[in-house]
Amino acid sequence: MRYLKFLAFILMFNGIVFAADGDKNITYYESGAVQFEYNYLNGKLNGVSREYYDSGDAKLKGELRSELTYRDGKLDAKKEYLRNGKLSNDLRIADGKRFETQLSYYPSTDVLFKERHLVDGKLHGLEQEYYQDGKTLKAERNYADGKKQGKAKGFHSNGNLQGDWDFEDGLPAKAVIFYRSGEKWLEHSHFLDGRLNGVSKEYDKKGHLIAYRLYEDDRMVKRDRVMGLFDWLFGWILY
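The shown structure was predicted, so the numbers you read here are calculated from the model rather than taken from an experiment. (Residues numbered from 1 in each chain as written. Predicted model: local features only at pLDDT ≥ 70, side-chain atom pairs only at ≥ 80, totals over all residues. Heavy atoms only, no water.)

(A) Just the overall build of the protein chain, in detail. Each helix and strand in the protein chain was counted, giving two helices and 22 strands. Relative to all contacts within the protein chain whose residues are 6 or more apart in sequence, the contacts with residues 24 or more apart total 11%. Carbon and sulfur atoms provide 52% of the accessible area of the protein chain, an area that totals close to 15,300 Å². (Helix = DSSP H or I, 4+ residues; strand = E, 2+ residues; numbered from the N terminus. Contact = heavy atoms within 4.5 Å. Areas by Shrake-Rupley, 256 points an atom, 1.4 Å probe, with all protein chains shown as cover.)

(B) Quick peek at the nonpolar core. Core analysis: the biggest nonpolar cluster contains six residues, these being Leu 103, Tyr 105, Leu 112, Tyr 130, Leu 137 and Phe 155. Those residues in contact with Tyr 105, other than ones at most four positions away along the chain, are Leu 82, Lys 86, Leu 87, Asp 110, Val 111, Leu 112 and Phe 113. Ranked by size, the runner-up nonpolar core spans five residues in total, among them Val 199, Tyr 203, Leu 209 and Val 226. (Core = buried A, V, L, I, M, F, W, Y, C linked by side-chain atoms within 4.5 Å. Buried < 20%, exposed > 50% of the residue type's maximum accessible area, 1.4 Å probe, protein only.)

(C) Layout of the packing of aromatic side chains. One pass over the full model with this rule turns up five aromatic pairs. Where Phe 36 meets Tyr 38, the ring centres are 5.2 Å apart and the plane angle is 10°; that geometry is what we call stacked. Residue classification places Phe 36 among the buried positions, given a relative accessible area of 18%. An aromatic cluster of three or more residues is present, and its members are Trp 165, Phe 167 and Phe 191. The ring of Phe 99 is capped by Arg 92, whose NZ or CZ atom sits 4.6 Å from the centre of that ring. We note Lys 184 situated over the ring of Tyr 203; from NZ or CZ to the ring centre the distance is 4.4 Å. (Phe/Tyr/Trp six-rings, centres within 6.5 Å; stacked < 30°, edge-to-face > 60°. Lys NZ or Arg CZ within 6 Å of the ring centre and 35° of its normal.)

(D) Just the pairing of strand E20 (residues 198-203), in detail. Counting buried residues along E20, five of its six residues qualify, which places the element largely inside the surrounding structure. One ladder, built from two bridges, connects strand E17 (residues 184-188) with E20; its direction is antiparallel. By the bridge assignment for E20, Leu 186 is matched with Glu 202. With six bridges connecting them, E20 and strand E21 (residues 209-216) associate as antiparallel partners. Looking across to E21, one finds that Ser 200 is bridged to Arg 213. Hairpin geometry of E20 and E21 is characterised by an intervening segment of five residues between the two adjacent antiparallel strands and by a positive phi of about 90° at Gly 207. (Pairing = 2+ DSSP bridges.)

(E) How the structure looks around unusual backbone geometry. For Asn 42, which is not glycine, the phi torsion reads 55° and is therefore positive. Note on placement: Asn 42 falls in the loop between strand E3 (34-41) and strand E4 (44-45). A positive phi is found at Asp 193, a non-glycine position, where the angle reads about 55°. With respect to the helices and strands, the residue Asp 193 is situated in the loop between strand E18 (191-192) and strand E19 (195-196).

(F) Examining the environment of Tyr 52 more closely. Within the secondary structure, Tyr 52 sits in strand E5 (residues 47-52). Between the C-alpha atoms of Tyr 52 and Arg 83, which are 31 residues apart in sequence, the distance is 9.3 Å. Tyr 52 has contacts with Tyr 29, Val 34, Gln 35, Glu 37, Lys 61, Gly 62, Glu 63, Leu 64 and Arg 65, leaving out every residue within four places of it along the chain.

(G) Examining the environment of Asp 217 more closely. Summarising the element assignment, Asp 217 is placed in the loop between E21 and strand E22 (219-225). Overall, Asp 217 belongs to the partly exposed group, its relative accessible area being 47%. When sequence neighbours within four positions are dropped, the list of residues in contact with Asp 217 reads Arg 195, Leu 196 and Asn 197.

(H) Structural view of the pattern of salt bridges. Applying the stated criterion across every chain yields a total of 19 salt bridges. Between Arg 71 and Asp 76 there is a salt bridge; the shortest N-O distance is 3.3 Å. Residue class for Arg 71 comes out exposed when judged on its relative accessible area of 56%. Across the salt bridge formed by Asp 145 and Lys 122, the nearest N and O atoms sit 3.6 Å from each other. Here the residue Asp 145 occupies a position in the loop between strand E13 (137-144) and strand E14 (147-155), and Lys 122 occupies one in strand E11 (residues 122-123), the gap between them amounting to 23 residues. Taking the relative accessible area as the measure of exposure, Asp 145 reaches 52% and is therefore exposed. Residue Lys 122 is classed as partly exposed on the basis of its relative accessible area of 42%. Where salt bridges share partners, they join Lys 114, Glu 127, Glu 129 and Arg 141 into one cluster. (Salt bridge = Lys/Arg side-chain N within 4 Å of Asp/Glu carboxyl O.)

Here you go:
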């Protein structure tokens, strides 16, 4: 008996204690605090297993770090948490595919910064970013098989639309940029391999065309102001 107690002490000191309670296995940190609780059925992981942060005290269980759901030895789902209890990752597996939601927060806060979705490790579906109030939408993008596809929008901190983009196979195809007050400012419709190449239109806040901008490889190389009807007609013909 003394030998068994001594062996348990040595294992605990090295942080690798395993304690069996029926079909439950428990592992410990070097501090003696619980690290993992595994549940088994017929020798295979089954049901919910849990991982905890190190509390530093053998008498106290730390904050929940992750929950893993198994069925007949195979992982079905996993949730990961920050120390403050906020969910950071939600994974489920169905029909051989991994569906994942990732949540990230502003540093040292529990304010949500970004939420995105992945399928088999690739971004898929809607991604959203928020300002530091955690409520005002900053940007949203759509993905398909890891690439931006379809609509992407950015928002000013006052909630007004900042940019409205169209993506094709991961590259921008069209974009409209807006003043902070909500009026259309720039209209980009000429992209080559995802970079601005060609003429874009610039508007004032009343919706009047005021300039043509010429871009080469995302760099504006020329700006022609529209001063009157002749300039407008000349620009319409030329561009």
